[in-house]
Amino acid sequence: MAKFYKYVIVGAGLSGLTIAERIANELDEEVLIIEKRDHIGGNVYDFYDDGLLIQKYGPHIYHTSEKKVHDYLSQFTEWNDYVHRVLSYVDGKLVPMPICIDTLNALYDLDLDENSMKEWIEEHKEDIDEVKSSEDVVLKNAGRDIYEKLFKNYTEKQWGTSAANLSPTVISRIPFRFNHDDRYFSDTYQGMPKEGFTKMCENMIKSDKIHVGLKADYKDYIDKIDYETLIYTGPIDYFYDYKYGELLYRCLNFVYEILDEDSYQDVAVVNHPNDPYFTRITEFKKLTWQEVEGKTAIMKEYPGFNGEKCYPYPTQEYLDKFKLYEAEMEKEENVIFLGRLARYKYYNMDLVVKEALEVFENQIK
């Protein structure tokens, strides 16, 4: 006779793990997680190579202004006080991103302050009545030269199309500051898990009521399991056997190497908007604060349409296709859809956890 689980979760990323932890520890119920990869943690998974902690799917930096999320995750990890700063390599110089006073001063050899930066921007920005694309966002806020030096080529590499073809929301996520604040994020809580994300994830599912099956496609097992509620965090088009066609994702391929040197670059992440093929280089020691002498690990990111599914493709065609799937999702009675793949939406990790906590409180508990 098949074992009965009141709850079966598809996917062991942060959505699935948060829900599993709450069900096991708050409701005292058994829960089964089915995960197709050979590890838990989804895209925040990290591992050790040659003593260096490496994030398999590129840099994931913890930042949130949601106290509820911070308090929740702090049960499972201590944090270091890392604050994310990014440089962009342009015209042979390293300049701060997002754009602030120091960016313009470094890029153009200026000596601007807050007022003169506003004047400089006024002189260079373009008059655009209706902002229809990501290109328009930058032209209206900063002008043509900034767009071409810092955004144009980076965006084309990252998305495989011009910023003129992308929704304004894509670039609107990048702040623009009339001060010297060169932090990438301005959230209240920032840092990195002291022992890494995988350790944090392991701590989340320590309960003996949580059972995890790795390297398993849920479709091979779900008919053999007796359950009440399915919580699905995988790709929504796969759930419905691609009945409305495949949803497009911009994918990333990650290539890391270990170098025999103490330090490779000035900060953890350096963007390379105008170099061919790759978009950025991450040096992990600068994120994790590991003290490993004479060695460091770097990773280059190569965007494309094959590789790890990272970003839902932000064109109307695919948003419309998702709406067809969404209509199907709303008819389901014993399935809860959760997370970025199921909702075809780009989420920062804190919002993934926030959504999972809210779904638990409102739909499960």
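Because the structure is a prediction, the values reported are computed rather than measured.

A. Inspection of the overall build of the protein chain at higher detail. A count of helices and strands for the protein chain gives 13 helices and 17 strands. Here the protein chain has a C-alpha radius of gyration of 22 Å; the compact-globule value for 365 residues is 21 Å, and the two agree. In the protein chain, which comprises 365 residues, the proportion classed as buried is 55%. If you take every contact in the protein chain between residues at least 6 apart in sequence, the share linking residues at least 24 apart comes to 72%. Summed over all atoms, the accessible surface of the protein chain reaches about 17,200 Å², with 44% contributed by carbon and sulfur. The average position of the 44 basic charges and that of the 68 acidic charges among the side chains of the protein chain differ by 3 Å.

B. A look at the layout of surface pockets. Looking at the second largest pocket, its volume works out to about 370 Å³. If you go around the second largest pocket, you meet 16 residues; those closest to its centre are Thr 169, Pro 312, Pro 314, Lys 345 and Tyr 346. Secondary structure elements with two or more residues in the lining of the second largest pocket: helix H7 (168–172), strand E16 (308–312) and helix H11 (316–329). Ranked by the residues each element gives to the lining of the second largest pocket, the list is headed by H11, at three residues. Counted by class, the lining of the second largest pocket contains 10 nonpolar, two polar and four charged residues.

C. Layout of the packing of aromatic side chains. Applying the stated criterion to the full structure yields 27 aromatic pairs. Relative to Tyr 344, the ring of Tyr 249 has its centre 5.3 Å away and its plane inclined at 85 degrees; by these criteria the two rings are edge-to-face. On the criterion of sequence distance, the pair formed by Tyr 249 in strand E12 (residues 249–259) and Tyr 344 in the loop between helix H12 (340–343) and helix H13 (349–364) is long-range, its members being 95 residues apart. Neither residue differs from the other here; Tyr 249 and Tyr 344 are each classed as buried. Between the aromatic rings of Phe 305 and Tyr 313, the centroid separation amounts to 5.5 Å while the plane-to-plane angle is 65 degrees, which identifies the pairing as edge-to-face. Look at Tyr 313 and you get buried, because its relative accessible area is 8%. Here the aromatic residues Tyr 218, Tyr 232, Tyr 238, Phe 239, Tyr 240, Tyr 242, Tyr 244, Tyr 325 and Phe 337 are joined through ring pairs into a cluster of three or more. Against the face of Phe 178 rests Lys 118, its NZ or CZ located 5.8 Å from the ring centre. Sitting over the ring of Phe 305, Arg 250 keeps its end group 4.4 Å from the ring centre.

D. Spotlight on the nonpolar core. If you look at the biggest cluster of nonpolar residues, it comprises 110 residues, and the most contacted ones within it are Ile 19 and Ile 146. Among the elements that take part in this core, H13 stands out by supplying eight residues, more than any other.

E. The arrangement of empty space enclosed by the protein in detail. Per the stated rule, a full pass over the model turns up one cavity of 30 Å³ or more. Estimates place the volume of the largest cavity at around 30 Å³. Looking at the largest cavity, the residues that line it are Asp 46, Leu 53, Gln 55, Met 192, Pro 193, Gly 196, Phe 197 and Thr 288. Elements that contribute at least two residues to the lining of the largest cavity include exactly strand E4 (52–55) and strand E9 (189–193). Residues belonging to the lining of the largest cavity are distributed by class as follows: four nonpolar, three polar and one charged.

F. Up close: the sheet that holds strand E5 (residues 62–64). Spatial strand order, E5-E9-E6: three strands in an open sheet with antiparallel pairing. The open sheet terminates on both sides in strands that have one partner only, identified here as E5 and strand E6 (79–80). As paired elements, E6 and E9 share two bridges and run antiparallel to each other. In the sheet register, Trp 79 faces E9, and the bridge partner there is Pro 193.

G. Fine view of the pairing of strand E3 (residues 46–49). The sheet contact formed by E3 and E4 spans four bridges and is antiparallel. Considered in E4, the bridge of Tyr 48 is made with Leu 53. Two successive antiparallel strands, E3 and E4, enclose a turn made up of two residues, where Asp 50 displays a positive phi of approximately 55 degrees.

H. Representation of helix H8 (residues 197–204) within the structure. When you tally the buried positions in H8, you get six out of eight residues, the bulk of the element. For H8, the full list of buried residues reads Phe 197, Thr 198, Met 200, Cys 201, Asn 203 and Met 204.

I. Just the packing of helix H5 (residues 134–141) against helix H6 (residues 144–159), in detail. Interaxial distance between H5 and H6 falls to 7 Å at its minimum, and their mutual angle equals 130 degrees. Here H5 lies oblique to H6, going by the angle between them. In terms of crossing hand, the pair formed by H5 and H6 is right-handed. Each of Glu 135, Val 138 and Leu 139 in H5 lies in contact with H6, whose residues at this interface are Arg 144, Ile 146, Tyr 147 and Phe 151. A per-class count over the contact of H5 with H6 returns five nonpolar, no polar and two charged.

So, how was this worked out
The residue count restarts for each chain, going from 1 along the sequence in the order it is written. For a predicted model such as this one, the threshold for reporting local features is a pLDDT of at least 70, and the threshold for listing and counting side-chain atom pairs is 80 or more; totals across whole chains, interfaces and linings nevertheless cover every residue. Values shown for side chains rest on all heavy atoms present in the structure; no hydrogens or waters enter the calculation. Secondary structure is summarised from DSSP: a helix means a run of H or I of at least four residues, a strand means a run of E of at least two, and numbering begins at the N terminus for each. Taken over C-alpha atoms, the radius of gyration is set against a globule rule of 2.2 Å times the number of residues to the power 0.38. Think of it in three bands: with a 1.4 Å probe and only protein chains considered, a residue is buried below 20% of the maximum accessible area for its type, exposed above 50%, and partly exposed in between. In this description, contact between two residues means that some pair of their heavy atoms is separated by no more than 4.5 Å. The Shrake-Rupley method, run with a 1.4 Å probe sphere, supplies the accessible areas, and residue values consider only the shown protein chains as cover. Think of it this way: Lys and Arg go in the positive column, Asp and Glu in the negative one, and His and the chain ends go nowhere. A charged residue contributes its charge at one atom only: NZ of Lys, CZ of Arg, CG of Asp or CD of Glu. Lining residues are defined by having an atom within 4 Å of a point belonging to a cavity or pocket. Those points lie on a 1 Å grid over the protein atoms alone, cavities being sets where a 1.4 Å probe fits but cannot get out and pockets being open sets with protein on both sides within 12 Å along at least five of seven lines. Grid points are joined across faces, edges and corners, and a volume is the space filled by probe spheres set on the points. Charged means Asp, Glu, Lys or Arg here, nonpolar means Ala, Val, Leu, Ile, Met, Phe, Trp, Tyr, Cys or Pro, and polar covers whatever is left, Gly included. Any pair of Phe, Tyr and Trp rings, taking the six-membered ring for Trp, is counted once the centres come within 6.5 Å. Such a pair is stacked with planes under 30 degrees apart, edge-to-face with planes over 60 apart, and tilted for the rest. Comment: the charge-over-ring label is applied if NZ (Lys) or CZ (Arg) is within 6 Å of the ring centre and within 35 degrees of the ring normal. Only buried residues count toward a nonpolar core, which is a set of Ala, Val, Leu, Ile, Met, Phe, Trp, Tyr and Cys residues joined through side-chain atoms within 4.5 Å. Two strands make a pair as long as DSSP finds a minimum of two bridges between them. Axis definition: a line fitted to C-alpha atoms, over the contacting stretch in the case of helices. Angles run 0 to 180 degrees between N-to-C directions. By the definition adopted for this analysis, an angle is roughly parallel if under 35 degrees, roughly antiparallel if over 145, roughly perpendicular if from 65 to 115, and oblique otherwise. With the far helix as reference, a near helix turned anticlockwise by less than a right angle produces a left-handed crossing, and one turned clockwise produces a right-handed crossing.

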